[in-house]
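Chain by chain, the residues:
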Amino acid sequence: MIRTLVLLLTAVALDAHAATFEVQAKRYRVGPNPVSVALADLNEDGLLDILVANRGPLRDIRDEHPAEENISYLVGRDDGAFDSRPPLPCGFGPYEVVVANIDALRAPDIIVANFLAVRNRDLTLLRNLDASVFEPRHFSVPDDSLRYAQMRDSEGQPIFSTPGLTAVAVADVNGDGYRDAFATGWSSDVIVHFPGHPEKYFSDPIITALAGGPRDLVLDDLDGDGAFDLAIALYNSDEIALLKGSGKGEFDLIDKFSARGKMPQRIRVADVNGDRRRDLIVSHAQSDDCVVVFYGDGDFKFEVAQEIRLGADRFRREIGVQDMIVRDFNADEKMDIALACSDAGAVILLRNTSEGKGLPLRFEQEVYPFEGGAPHALAAADITRDGRPDLAVALWGVDSVGFLFNLP
């Protein structure tokens, strides 16, 4: 049984000494309904560029254009500004964008998980051919091997397409030198593994059934054996699933347990309490308005959990956590938690103020409002080139990217 510690937080007033970040007035327009943002130097000029997945409104899957099918691309300039470039193509309803070197060339590539893949463009690889030229490659999941597990319309027809990819992670899980992609197929209750390939970049997908509505996943070595494992947030069943990796590309389900909240949307792995063991951090999107830290013992056991409540009313959605980054943002060697909160219209930083490793850990809440915008996604990197991590924030309502710059 998991023992739960509860920490109820309230916002702190920010002053010159308490604030970690400063909200920047400058924003950049992107496509409609941005749901994912990534920062990377794509053209090897030493400057960070911005990628944004523009999901757009989700329409009838029988429409010719059921959602957006592009990602925004902004190129960094030496003066700290960004120039907008033509959007990059992908499948319908891009849900997550990540950057990794897939083709073994020098420049990093772009991988996009597409939610409404009505034309079988489930996963898009944008090969970086240098000088900001990208070659799109699309990879599909055969529909005949999938079932539809989600909502239907009044006529009994599926509202979404299969498999409905919502998250993607990339790593070489079997040590063959080629990076593999793993994605959550929420609409079909599956995990999809696209094995790396030397010529095709990704081989035919391997599909693993996983009931409960897999929504987010992370690849990490949870037990210290040197092999990648999988931790998955099950959105519909309010659970966390753990799959142990063999180091050869196979994964076995070894545990499922309660996420300690409704609709777990994001899951991350980090050593939060400094004991050199991997912990799970889970955020919930609905009325719970909470983040739960599951403290690990190094062998797939997470017997102590700490619930961090953000809202005043557990039964009413007030905050709406959409995305989460776990990182040391103030160089004190303690892990902090940054949250994109759509209903609050703000980014909330849970600043780790704990002394030592004793539980429960202590966090102070810093709130950074974005006027008129609803934060939906975060990316962290040193945008200002001062040695401190900053945040790029994807904003609904105003369809733009804003920034939080780290203060000295």
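Residues numbered from 1 in each chain as written. Predicted model: local features only at pLDDT ≥ 70, side-chain atom pairs only at ≥ 80, totals over all residues. Heavy atoms only, no water.

Asker: I keep staring at the sheet that holds strand 7 (residues 70-76) and nothing clicks. Help me out?
Answerer: Sheet strands associate in pairs through backbone hydrogen bonding, adopting either a parallel or an antiparallel arrangement. Strand order in the open sheet made by the four strands is 5-6-7-8, with antiparallel pairing throughout. Of all the strands in the sheet, the pair left with one neighbour each is strand 5 (34-40) and strand 8 (82-89). Adjacent strand axes in the sheet meet at a mean angle of 20°, parallel and antiparallel pairs treated alike. Sheet topology places strand 6 (residues 49-54) next to strand 7; five bridges connect them, and they run antiparallel. Residue Asn54 lies in a different strand from strand 7, and its bridge partner there is Asn70. (Pairing = 2+ DSSP bridges. Helix = DSSP H or I, 4+ residues; strand = E, 2+ residues; numbered from the N terminus. Axes fitted to C-alpha atoms, helices over the stretch in contact; angles between N-to-C directions.)

Asker: How should the pairing of strand 26 (residues 304-309) be read in this particular structure?
Answerer: Two faces, one strand: in a regular strand the side chains alternate between the faces of the sheet. Counting buried positions along strand 26 yields five of six residues, so the element is predominantly enclosed. Across six bridges, strand 25 (residues 290-295) lies against strand 26 in antiparallel orientation. Bridge pairing links Val291 to Ile308 in strand 26. (Buried < 20%, exposed > 50% of the residue type's maximum accessible area, 1.4 Å probe, protein only.)

Asker: Looking at this model, I keep getting lost on the pattern of salt bridges. Mind explaining?
Answerer: Once the charged atoms of two side chains with opposite charge are near each other, the side chains can pair. Within the structure shown, the criterion is met by 26 salt bridges. For Glu135, the salt bridge is made with Arg127, and the minimal N-O distance between the two is 2.8 Å. With a relative accessible area of 11%, Arg127 lands in the buried category. The salt bridge involving Lys334 is made with Glu355; its shortest N-O contact spans 4.0 Å. Of this pair, Lys334 sits in the loop between strand 27 (321-327) and strand 28 (336-341) while Glu355 sits in the loop between strand 29 (346-352) and strand 30 (363-369), and the two are 21 residues apart along the sequence. (Salt bridge = Lys/Arg side-chain N within 4 Å of Asp/Glu carboxyl O.)

Asker: What should I look at first to understand the environment of Ser140 in this one?
Answerer: Summarising the element assignment, Ser140 is placed in the loop between strand 12 (134-139) and strand 13 (165-171). A relative accessible area of 34% means that Ser140 is categorised as partly exposed. Separated by 56 residues in sequence, Ser140 and Ser84 have C-alpha atoms that sit 29 Å apart. Setting aside residues no more than four positions away along its own chain, Ser140 makes contact with Asn120, Asp122, Phe194 and Pro205. (Contact = heavy atoms within 4.5 Å.)

Asker: Is there a simple way to think about the packing of aromatic side chains in this case?
Answerer: Note on aromatic pairs: each is described by the distance of the centres and the angle between the planes. Scanning all chains against the criterion turns up 16 aromatic pairs. Between Phe82 and Phe403 the ring centres are 5.8 Å apart and the planes differ by 10°, which places this aromatic pair in the stacked class. Of this pair, Phe82 sits in strand 8 while Phe403 sits in strand 33 (residues 400-406), placing them 321 residues apart in sequence. Accessibility assignment for this pair places Phe82 and Phe403 in one class, buried. Through a chain of ring-to-ring contacts, three or more aromatic side chains come together here, namely Tyr28, Phe82, Phe403 and Phe405. Over the aromatic face of Tyr235 sits the side chain of Arg215, whose NZ or CZ is 4.2 Å from the ring centroid. (Phe/Tyr/Trp six-rings, centres within 6.5 Å; stacked < 30°, edge-to-face > 60°. Lys NZ or Arg CZ within 6 Å of the ring centre and 35° of its normal.)

Asker: Looking at this structure, I do not really get unusual backbone geometry. What am I missing?
Answerer: For residues other than glycine, phi is negative in most cases, and the peptide bonds are mostly trans. In this chain, Thr162 is followed by Pro163 through a cis amide linkage whose omega measures -5°. The residue Pro163 is located in the loop between strand 12 and strand 13 in this model. For the bond running from Leu359 to Pro360, omega is 0°, close enough to zero to count as cis. Within the fold, Pro360 resides in the loop between strand 29 and strand 30. The residue Asn120 is not glycine, and still its phi comes out positive at about 60°. Along the polypeptide, Asn120 turns up in the loop between strand 10 (109-114) and strand 11 (123-128).

Asker: What is the right way to read the sheet that holds strand 21 (residues 239-245) from this model?
Answerer: With antiparallel pairing, the four strands of this open sheet are ordered in space as 19-20-21-22. Two strands bound the open sheet, and with one partner strand each, they are strand 19 (214-220) and strand 22 (251-258). Geometrically, the sheet is characterised by an average inter-axis angle of 20° between neighbouring strands, direction not taken into account. Relative to strand 22, strand 21 is paired through seven bridges, and the arrangement is antiparallel.

Asker: I would appreciate a short explanation of the environment of Ile102 in the present structure.
Answerer: With respect to the helices, strands and loops of the structure, Ile102 is situated in the loop between strand 9 (94-100) and strand 10. Those residues in contact with Ile102 that sit more than four places away from it in its chain are Asp109, Ile111, Leu125, Val170, Arg179, Tyr201 and Phe202.

Asker: Looking at this model, I keep getting lost on the nonpolar core. Mind explaining?
Answerer: In summary, soluble globular proteins display a tendency toward joint burial of nonpolar side chains. The biggest cluster of nonpolar side chains holds 20 residues, and the ones touching the most others in it are Ile281, Val291, Ile308, Ile337, Leu339 and Leu350. Ignoring anything within four residues of it in the chain, the contact list for Val291 reads Ile281, Val282, Ser283, Gln306, Glu307, Ile308, Met324, Ile337, Leu339 and Leu350. Ile102, Ile111, Leu125 and Val141 belong to the second largest nonpolar core, which has 19 residues in total. (Core = buried A, V, L, I, M, F, W, Y, C linked by side-chain atoms within 4.5 Å.)

Asker: Even after reading the chapter, I still don't get the pairing of strand 9, so can you show me in this structure?
Answerer: Taking burial as the measure, the seven residues of strand 9 include six buried ones, the bulk of the element. As judged from the six bridges shared by strand 9 and strand 10, these two strands associate in the antiparallel manner. Residue pairing in the sheet places Val97 in a bridge with Val112 of strand 10.

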